[in-house]
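So you can see what is in the structure, the chains are spelled out below.
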Amino acid sequence: MNPSLLLTVLFLGIVSATLKYDQRLDAQWNEWRSKHRRLYGKNEEGWRRTVWEKNVRRIEMHNLEYSQGKHGFTMAMNAFGDMTSEEFRQVMNGFQKHKHKKRGKVFRAPLLLNIPKSVDWREKGYVTPVKNQGQCGSCWAFSATGSLEGQMFKKTGKLVSLSEQNLVDCSHAQGNQGCSGGLMDYAFQYVKENKGLDSEESYPYLAKDCDTCKYKPEFSAANDTGFMDIPPDEKALLKAVVTVGPISVAIDAGHESFMFYRDGIYFEPKCSSESLDHGVLLVGFGSEGDDDFWLVKNSWGPEWGSSGYIKIARNKKNHCGIATAGSYPIV
């Protein structure tokens, strides 16, 4: 366990031994724990309950402020309710920005391009159902398969779910570290060098690192010849989404507001455009009233956010860094 995380756990253990719980939340706590199948050790339940109550209060306060017009999105309790924000970042967010270097070709949009008011590639059949990475920092793999699934559909007319586990187990040579993080571009490079990527059906997801690579060429369902990096600005990203399809992007998702996002257009004043920690899939864009948004597919299951999706503020100075590290595979 990370030393700072261990200190947090020890501190919470001490705090939970001295604090009393809000008994009004007993039924809600037991329901949440049952729903998410939480079984705690003797000394763990106390501080987990303390963290959960703190998160409940934070969500309630945010939603009260939302009703007062102070926010453009709501929050809700979910499967991350008993995790601290630091623990959450270490377990769930695996995009390794410090390793990110532009190595692909650079995207250039057509000079004469009509930009529609909205795009949703789900409506065109490019996007598989929302997946769940579990407690494994493999977001980069889900982002990579998402954009490759879209490009293969564009080429073949067939939407096939691709194997994240194949990438987790087999792309170490390209620089990825399985559940400890990686980059989408490294995943695309692996597919190119490996001359294929297996289907989800033939190489199912396990949410853990495996010792051996089990890729079988006879089950390969996709390939690429490299990847394209998008210049780091929202105008270029917009043109890429219009002309290409779903795009792999990275964002700063290390905030409690993102952790418990429920619905609406996400805007977090603390969000960074450089400190990126989470790979996701950009599947479209649109507007609600005077507010523009990017439509993003996450990999935390359909119970998170808006059926697994989030709308992130667009034209707000590259909010959360969504345009900083965009790319897609060339097929």
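Note that the structure is a prediction, hence the values are computed from the model and not measured. (Residues numbered from 1 in each chain as written. Predicted model: local features only at pLDDT ≥ 70, side-chain atom pairs only at ≥ 80, totals over all residues. Heavy atoms only, no water.)

Another point: the environment of E31. Inspection of the secondary structure puts E31 in helix α2 (residues 26-35). E31 sits 276 residues away from S307 along the chain, and the two C-alpha atoms are 21 Å apart. (Helix = DSSP H or I, 4+ residues; strand = E, 2+ residues; numbered from the N terminus.)

This part takes up the state of the cysteines. According to the stated counting rule, one finds three disulfides in the structure shown. Here C136 connects covalently by a disulfide to C179, the sulfurs 2.0 Å from one another. Because the sign of the S-S torsion sets the handedness, a value of about -95 degrees for the bond joining C136 and C179 places this disulfide among the left-handed ones. Taken as a pair, C136 in the loop between β3 (119-120) and α5 (139-156) and C179 in the loop between α6 (164-170) and α7 (184-194) lie far apart in primary sequence, 43 residues in all. No difference in accessibility class separates C136 from C179, as the two residues are buried. Through a disulfide, C271 is tied to C320; the S-S separation comes to 2.0 Å. The sign of the 105 degrees torsion about the S-S bond sets the C271-C320 disulfide as right-handed. (Disulfide = S-S within 2.5 Å. Buried < 20%, exposed > 50% of the residue type's maximum accessible area, 1.4 Å probe, protein only.)

This paragraph deals with the pairing of strand β8 (residues 261-266). Alignment of strand β1 (residues 73-75) against β8, held across three bridges, turns out to be antiparallel. Counted as the bridge partner of T74 is D263 from β8. Two strands pair when backbone bridges link them, and β8 and strand β11 (residues 309-313) are joined in this way by two bridges, in the parallel orientation. The partner of I265 across the bridge, within β11, is K311. (Pairing = 2+ DSSP bridges.)

Turning our eyes to something else, we now look at the UniProt feature "domain: Peptidase C1A papain C-terminal" (unreviewed entry) in the protein chain. UniProt marks residues 115-330 with the feature "domain: Peptidase C1A papain C-terminal" (unreviewed entry), using the numbering shown here. Secondary structure across residues 115-330 comprises 23% helix and 22% strand; the distance between its end C-alpha atoms is 22 Å. (UniProt positions renumbered as here; feature names shortened; annotations may be inferred.)

This next bit is on the nonpolar core. Counting 53 residues, the largest nonpolar core has F80, L237, I247, F258, L282, W294 and I322 as the members making the most contacts within it. By residue number, the principal contributor to this core is helix α8 (residues 234-243), which donates six residues. Discounting chain neighbours no more than four positions away, the residues touching F80 are N55, F88, M92, M259, F260, W300 and W304. By size, the runner-up hydrophobic cluster in this structure holds 25 residues, among which are L162, L167, Y186 and F188. (Core = buried A, V, L, I, M, F, W, Y, C linked by side-chain atoms within 4.5 Å. Contact = heavy atoms within 4.5 Å.)

All told, the structure shown has 20 aromatic pairs when counted by the stated rule. Each ring, one from F188 and one from F227, has its centre 6.3 Å from the other, and the planes form 40 degrees; the classification is tilted. Placement of F188 in helix α7 and of F227 in strand β6 (residues 227-229) is noted, with a sequence separation of 39 residues between them. With respect to class, F188 is no different from F227; both count as buried. Considering the side-chain rings of F258 and W300, the 5.6 Å spacing of their centres and the 90 degrees angle between planes classify their relative orientation as edge-to-face. With F258 in helix α9 (residues 256-259) and W300 in the loop between β10 (291-297) and β11, the pair connects residues that are 42 residues apart, well separated along the chain. By relative accessible area, which is 5% here, W300 ends up buried. Taken together, F73, F80, F88, F258, Y261, Y266, W300 and W304 form an aromatic cluster joined through their ring pairs. (Phe/Tyr/Trp six-rings, centres within 6.5 Å; stacked < 30°, edge-to-face > 60°.)

Our focus in this paragraph is the packing of α2 against helix α3 (residues 45-67). At a minimum axis separation of 11 Å, α2 and α3 run at an interaxial angle of 110 degrees. As the angle between them shows, α2 and α3 are arranged roughly perpendicular. Note on element contacts: α3 touches α2 through E45, R48, R49, W52 and V56, opposite D26, Q28, W29, W32 and R33. For the contact of α2 with α3, the class distribution of residues is four nonpolar, one polar and five charged. (Axes fitted to C-alpha atoms, helices over the stretch in contact; angles between N-to-C directions. Parallel < 35°, antiparallel > 145°, perpendicular 65-115°, else oblique. Nonpolar A, V, L, I, M, F, W, Y, C, P; charged D, E, K, R; others polar.)

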